[in-house]
Amino acid sequence: QADRRRLNAPPGGTAPPAFATPKTVKLERPKRTRKPDEHRKIYLRTGIVPSASGSAYYEIPPQSDQKQSGLSLPQTSSLKITCTVHGPRPLPRNAAFSPNLLLTTHVKFAPFATRHRRGYVRDASERDLAVHLETALRGVIIGERWPKSGVEVVITVLEGEEDGWWGDAGGGGGGGGWGLMGVLAGCITVASAALVDAGIDCVDLVSGGVAVVVGDGGGSGGKPKGGEGALVLDPSPAEHAEMRAACVVAYLHSRDEITELWMRGDAGAESERLIDEAVKAASLARTVLVEAVKEAVE
């Protein structure tokens with residue numbers, strides 16, 4: 001018997017349309033036109049979900065020019081993240097006593113966020129991002145002011161950065177998890193804006209920044225010397241053929257503290273410089289964060 005409560009699929013199989021690339025168009029990897037120490041433009045807005053205690057929206061648009069490439073598909077991926085904060089609210093009666101605020105983070109990619117369709121159940125990478133985000137926010141919130149209470153931070157990645165260029169073999173996945181580094185930096189910044197929008201007391205605004213060591217020069221003015229790689233801020237994985245190491249930090253500007261640090265790859269002797277460049281990227285993202293918070297208050 002057919003289920004009348006849902007719309008069943010058509011009996012015959014359907015095939016999605018496939019668009020072929022014109023022969024006159026030559027696929028070329030997009031090049032970084034920004035300086036190595038230049039950050040991409042960020043759009044940040046708070047108060048987008050009225051039903052939540054606090055919310056924010058974070059976006060980094062794609063940098064490549066579609067008209068010059070001759071393709072309707074952008075050469076580089078963009079980053080779109082929404083964050084909602086629920087709480088502080090009292091814990092259940094059967095819960096153990098907690099003198100501090102209990103923080104819970106939840107990070108989930110939308111099924112359409114990347115070229116490879118995501119599942120509806122959180123995978124290991126999403127759980128790892130939630131752990132890193134919780135560590136970054138735990139050192140910011142003043143939890144002593146809300147005993148026996150809990151707050152939930154929910155992150156939804158509407159569009160995430162790919163690990164490589166989609167024109168490479170494999171369809172743009174590339175492997176390595178380089179795209180997750182930029183996603184985590186965006187999650188930290190948008191979560192900080194949402195916490196402020198919810199009225200939760202924090203010691204300072206925390207912002208996320210990412211820097212990488214690349215082996216292809218890193219764009220204009222960043223030619224590597226010898227066998228060393230170039231350090232670039234806020235990388236787009238599609239613009240670099242070789243990424244050797246990456247670092248993400250959650251930075252408190254007023255206290256000059258790092259609440260979270262995640263390093264990937266082998267930076268070698270460039271580890272300290274890589275961390276310094278990630279802090280610089282976080283400081284640049286903080287300027288947008290401060291302006292968004294001031295605009296919401298006014």
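Keep in mind that what you see is a predicted model, and the values were worked out from it rather than measured.

### Let's talk about the pairing of strand 9 (residues 257-265)
Logical step 1: Relative to strand 9, strand 8 (residues 243-252) is paired through 8 bridges, and the arrangement is antiparallel. Bridge pairing in strand 9 links Val-249 to Leu-261.

### Topic: the packing of aromatic side chains
Logical step 1: For the structure on display, the rule yields 1 aromatic pair.
Logical step 2: Between the aromatic rings of Tyr-43 and Tyr-57, the centroid separation amounts to 6.1 Å while the plane-to-plane angle is 65 degrees, which identifies the pairing as edge-to-face. Of this pair, Tyr-43 sits in strand 1 (residues 43-46) while Tyr-57 sits in strand 2 (residues 54-60), and the two are 14 residues apart along the sequence.
Logical step 3: Overall, Tyr-57 belongs to the buried group, its relative accessible area being 16%.
Logical step 4: A cation sits over an aromatic face here: Arg-118 above Phe-109, 4.1 Å from the ring centre.

### Regarding the pairing of strand 1
Logical step 1: Every second residue of strand 1 is oriented toward a common face, the buried set being Leu-44 and Thr-46 and the non-buried set Tyr-43 and Arg-45.
Logical step 2: Relative to strand 2, strand 1 runs antiparallel, the two being bridged by 4 bridges. Pairing of Leu-44 across the sheet is with Tyr-58, part of strand 2.

### What to know about the state of the cysteines
Logical step 1: Applying the stated criterion to the full structure yields 0 disulfides.
Logical step 2: Looking at the unpaired Cys-187, the closest cysteine sulfur is the one in Cys-83, lying at 8.2 Å.
Logical step 3: The exposure class of Cys-187 is buried, given its relative accessible area of 1%.

### A word on the sheet that holds strand 1
Strands in a sheet are paired, the pairing made by backbone hydrogen bonds, and the direction either parallel or antiparallel.
Logical step 1: Read across the open sheet, the 5 strands follow the order 1-2-3-5-4; overall the sheet is mixed. The open sheet is flanked by strand 1 and strand 4 (102-109), the only strands paired with a single partner. Between one strand and the next, the sheet's axes are offset by a mean angle of 15 degrees, whatever the strand orientation.
Logical step 2: Bridging between strand 2 and strand 3 (residues 79-90) involves 7 bridges; their strand directions are antiparallel. Following the sheet pairing, Tyr-58 is matched in strand 3 by Ile-81.
Logical step 3: Of the strands in this sheet, strand 4 and strand 5 (149-159) touch helix 2 (residues 124-138), which is tilted by about 145 degrees from strand 4.

### Observations regarding the environment of Ala-267
Logical step 1: Relative to the helices and strands, Ala-267 resides in the loop between strand 9 and helix 4 (271-297).
Logical step 2: Through-space distance from the C-alpha of Ala-267 to that of Val-212 is 8.8 Å; in sequence the pair is 55 residues apart.
Logical step 3: Filtering out sequence-adjacent residues up to four positions away, Ala-267 remains in contact with Ala-245 and Leu-274.

### Re helix 4
Logical step 1: In a regular helix each residue adds 1.5 Å, so 27 residues correspond to 39 Å; helix 4 covers 39 Å between its end C-alpha atoms and thus fits that length.
Logical step 2: Elements in contact with the buried residues of helix 4: strand 1, helix 3 (178-197), strand 6 (206-214), strand 7 (230-233), strand 8 and strand 9.

### Quick notes on unusual backbone geometry
Logical step 1: Note the cis peptide between Gly-87 and Pro-88, where omega equals 0 degrees.
Logical step 2: With respect to the element layout, Pro-88 can be found in strand 3.
Logical step 3: Phi is positive for Lys-148, close to 55 degrees, though the residue is something other than glycine.
Logical step 4: Of note, Lys-148 is situated in the loop between helix 2 and strand 5.

### With respect to the pattern of salt bridges
Logical step 1: Here the structure, examined in full by the defined rule, presents 14 salt bridges.
Logical step 2: Between Arg-40 and Asp-234 there is a salt bridge, with its nearest N and O atoms 2.8 Å apart. Pair noted here: Arg-40 is in the segment before strand 1 and Asp-234 is in the loop between strand 7 and strand 8, with a separation of 194 residues, a long-range link. Of the two residues, Arg-40 and Asp-234, neither departs from the other in class, the shared state being buried.
Logical step 3: Among the ionic pairs, Glu-126 bridges to Lys-108, the shortest N-O distance being 3.4 Å. Linking Glu-126 in helix 2 with Lys-108 in strand 4, this pair joins segments that are 18 residues apart in sequence. For the pair shown, Glu-126 and Lys-108 are each scored as buried.

Reading guide: rules and limits
- Residues numbered from 1 in each chain as written.
- Predicted model: local features only at pLDDT ≥ 70, side-chain atom pairs only at ≥ 80, totals over all residues.
- Heavy atoms only, no water.
- Pairing = 2+ DSSP bridges.
- Helix = DSSP H or I, 4+ residues; strand = E, 2+ residues; numbered from the N terminus.
- Phe/Tyr/Trp six-rings, centres within 6.5 Å; stacked < 30°, edge-to-face > 60°.
- Buried < 20%, exposed > 50% of the residue type's maximum accessible area, 1.4 Å probe, protein only.
- Lys NZ or Arg CZ within 6 Å of the ring centre and 35° of its normal.
- Disulfide = S-S within 2.5 Å.
- Axes fitted to C-alpha atoms, helices over the stretch in contact; angles between N-to-C directions.
- Contact = heavy atoms within 4.5 Å.
- Expected span 1.5 Å × (residues − 1).
- Salt bridge = Lys/Arg side-chain N within 4 Å of Asp/Glu carboxyl O.

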